[in-house]
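Structural features, examined
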Amino acid sequence: MSTKALSAPRVAAIVGPYLSGKTSLLEALLSHAGAIGRKGSVRDGNSVGDASPDSRERGMSTEMNVATVDYLDETWTFIDCPGSIELAQEALNALMISDAAVVCVDADQAKAVAVGGLLRQLDDNDIPHMIFINKMDVAEKHVRETLEALQAVSAHPLVLREIPIRDGDAVTGHVDLVSERAFRWVEGKPSELIELPEQVRDRESEARAEMLESLADFDDQLLESLLEDVIPSSDEVYAKMSAPLKDNKIVPVFFGSALHDHGIRRLLKALRHEAPDARATAARLGVGTKTQPLARVFKTVHAGHAGKLSYVRVWSGEIADGMTLNGERVGGVQRILGTKMEKLAKAEAGMVASLGRLEKAATGDVLAAEADAEGGLWSAPLTPLFSLAVRAHNRRDEVKLSVALSKLLDEDPSLTAELNQDTGEYLLSGQGEVHLKIALDRFRTKFGIDVSGDRPQVPYKETIRKGTSIHARHKKQSGGHGEFGDVHVDIKPLPRGSGFQFSDTITGGVVPKQYIPAVEDGVKEYMARGPLGFPVVDVAVVLTDGQYHNVDSSEMAFRKAAQQAMREGMPECQPVLLEPICEVVIALPRDFTSNVQRLVSGRRGHILGFDAKAGWDGWDEVKVMMPQSEMHDLIIELRSLTQGLGTYSWRFDHLQELVGKEADQVVGGRSHAAQ
Ligand SMILES: Nc1nc2c(ncn2[C@@H]2O[C@H](COP(=O)(O)OP(=O)(O)O)[C@@H](O)[C@H]2O)c(=O)[nH]1
Ligand SMILES: [Mg+2]
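One structure accompanies this document, and this report is about it. (Residues numbered from 1 in each chain as written. Chains lettered and ligands numbered in written order. Predicted model: local features only at pLDDT ≥ 70, side-chain atom pairs only at ≥ 80, totals over all residues.)

Observations concerning the overall build of the protein
Tallying secondary structure elements over the protein gives 18 helices and 34 strands in all. Each of the three principal axes of the protein carries a C-alpha extent, and together these read 110 × 60 × 45 Å. In the protein, the share of contacts with a sequence separation of at least 24, taken over all contacts with a separation of at least 6, comes to 73%. (Helix = DSSP H or I, 4+ residues; strand = E, 2+ residues; numbered from the N terminus. Contact = placed C-beta atoms within 7 Å.)

Quick look at the structure:
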């Protein structure tokens, strides 16, 4: 650790589409800032980021990579976030504690526009962001065209901060539009200052004027100068960059190559001079402004022998090793560089640190010494969109499975788990197939348990269409005490949604009072599995008559008599299958709305109505009714129809009769599985 006094630490999240080069950009930033001696690469599998077995195996970031580095006189933490839409929660959690985001996009404009959903999310949360157009070494199009494509999906003006210098088709350097200085890129080294090449002079003045005009929209003083043809100095312009960025009114745009270290210093300098500081971010989020220790947990890691680690950003005060937060003792404060940890005595306001052994702390928690700490805004967990029924391969692992599961949920708040009472299955739910596959792999790599994930069963129910009256007698004569219970019951259908009702019309004690609850119990036990094999609903049962025996009658005998009555009576009542129907609200960019009809009718659904999505320019919301059995992979098809942007929310709405071939298949499948 260096001992020099550092100004308040800052945090930047690196976000962007999958494969745009975020993890490579992190490596380049760390190498430029001097945090790592030799630069590693994603391709060679020796980068600081993506060190876990599951990300190395997949060649993609499966969780955020956090790295803190001292750059000049400041401490910076960079958080490289996974790009997959299915891991959006992880990215959002990092963004919520960041001062700014660097949006890394591919120079190929067809790939670059995939960033639209992310830009919207940044705007929704008012997170200041800049764009880094990566892979300029292999770019086939001009920066201008990529910029236009990006502008079409950005709510705020993009402000190009540099222009490329070309040698033939290849980009060999850039001109900084504020300082008007030209740089030639040198592989693996800082760029070299060169004289402004003749061929870019015109383009440079034009681009600089455009940049100043964009800024002047938010700065009356600058507007006046421009109208009077007074050209502001570089220092004046630099000074005007940070305010509109902090307020998320403009989006500065840089470019370069993470792989070849081009444009990295320019990006770092822009962050250093223009990104808001921790105090501004705390104010934006509404974090209480006390001086006592207060931090937000944005990531939880169960790190084998190192135990549980809570990654926090400290918003106020200092967090020292051994201090008590939320009633627990902090067991170690560490600075994070990927998977490497460096012990610290304390973490000061603005810093990101890993806190050890806070067993009760969960991702999203506010940690504080006092009870009423105001932690400010935090992201709501995303609604689960895809579920699998999970099961340990080996029965002996079942106990281990539930422990592992709770740790997994700790690490990833967008995973949920629940036992479905109807089907008896353990459902793991998340944002999509890839998200859940990663979770299943972690059971194996982190906890040594092999688990399978299968398509969950649909919680079908059954009911009856007509009623019946039935008499049943349970009688057993075997030495000593016998068993005797005799009941007459009426079974009747009830309207949808009524559930189960039991009553009696017994008079004169033909069934003694103390045995009536036993009759109800027997009926209820039967209801767990009707003639078609499913839980029975919307049925009324009335006990109308019966007989008893002084010696042989018992609760057990009446329970059995009731079950027998149901077993014999129910098949006469025209049993019918009920399937759960859900109300689904699909949100998608308007360009794709016309595809929804086909998507919905292909899944036996019907559309209730269309509407513009409130607050989402250019998006629609389509309200739909759809059988739950058709929803398992809905998100997969929806994403493939909408370039990954579409999403939905849902809730159970009602049960509906299912007849014909589809019903036969369901009943056939279930009775087969039950044998
Ligand atoms: N040509 C070129 N390839 C790059 C550049 N940056 C990253 N890549 C490659 O793009 C791929 C994805 O990079 P990665 O950093 O894992 O992307 P991420 O998914 O955004 O984290 C890897 O094969 C990188 O080597 C670049 O500037 N130029
Ligand atoms: Mg990555």
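Once you've had a look at it, read on.
Comments concerning the sheet that holds strand S24 (residues 426-430)
Taken together, 4 strands build an open sheet; the order of strands is S23-S24-S22-S25 and the sheet is antiparallel. Each end of this open sheet is capped by a strand with a single partner; those strands are strand S23 (416-419) and strand S25 (451-454). When the angles between neighbouring strand axes are averaged without regard to direction, this sheet yields 35°. In this sheet, S25 lies alongside strand S22 (residues 386-392) in antiparallel orientation, the contact comprising 4 bridges. Residue pairing for S25: Ala392 is matched across the bridge by Val451. (Pairing = 2+ DSSP bridges. Axes fitted to C-alpha atoms, helices over the stretch in contact; angles between N-to-C directions.)

Here's the deal with the packing of helix H14 (residues 516-527) against helix H15 (residues 555-569)
Contact pair H14 / H15: the axes reach a minimum separation of 7 Å and the direction vectors enclose 45°. Put simply, H14 runs oblique to H15. Both H14 and H15 take part in a crossing whose hand is right-handed. For the pair H14 and H15, the contacting residues are Ala518, Val519, Asp521, Gly522, Val523, Glu525 and Tyr526 in the first and Glu555, Phe558, Arg559, Lys560, Ala561, Ala562, Gln563, Met566 and Arg567 in the second. The class makeup of the residues in the contact of H14 with H15 is 8 nonpolar, 2 polar and 6 charged. (Parallel < 35°, antiparallel > 145°, perpendicular 65-115°, else oblique. Left-handed = near helix turned anticlockwise from the far one by under 90°. Nonpolar A, V, L, I, M, F, W, Y, C, P; charged D, E, K, R; others polar.)

Considerations on the site of ligand 1
Taken together, 20 residues surround ligand 1, and among them Gly21, Thr23, Ser24, Ser257 and Leu259 come closest. Broken down by element, the shell around ligand 1 gets its largest block of residues, 3 residues, from helix H1 (residues 22-33). Partitioning the shell around ligand 1 into residue classes produces 7 nonpolar, 9 polar and 4 charged. (Near = placed C-beta within 6 Å.)

Geometric values such as these leave the question of function open.
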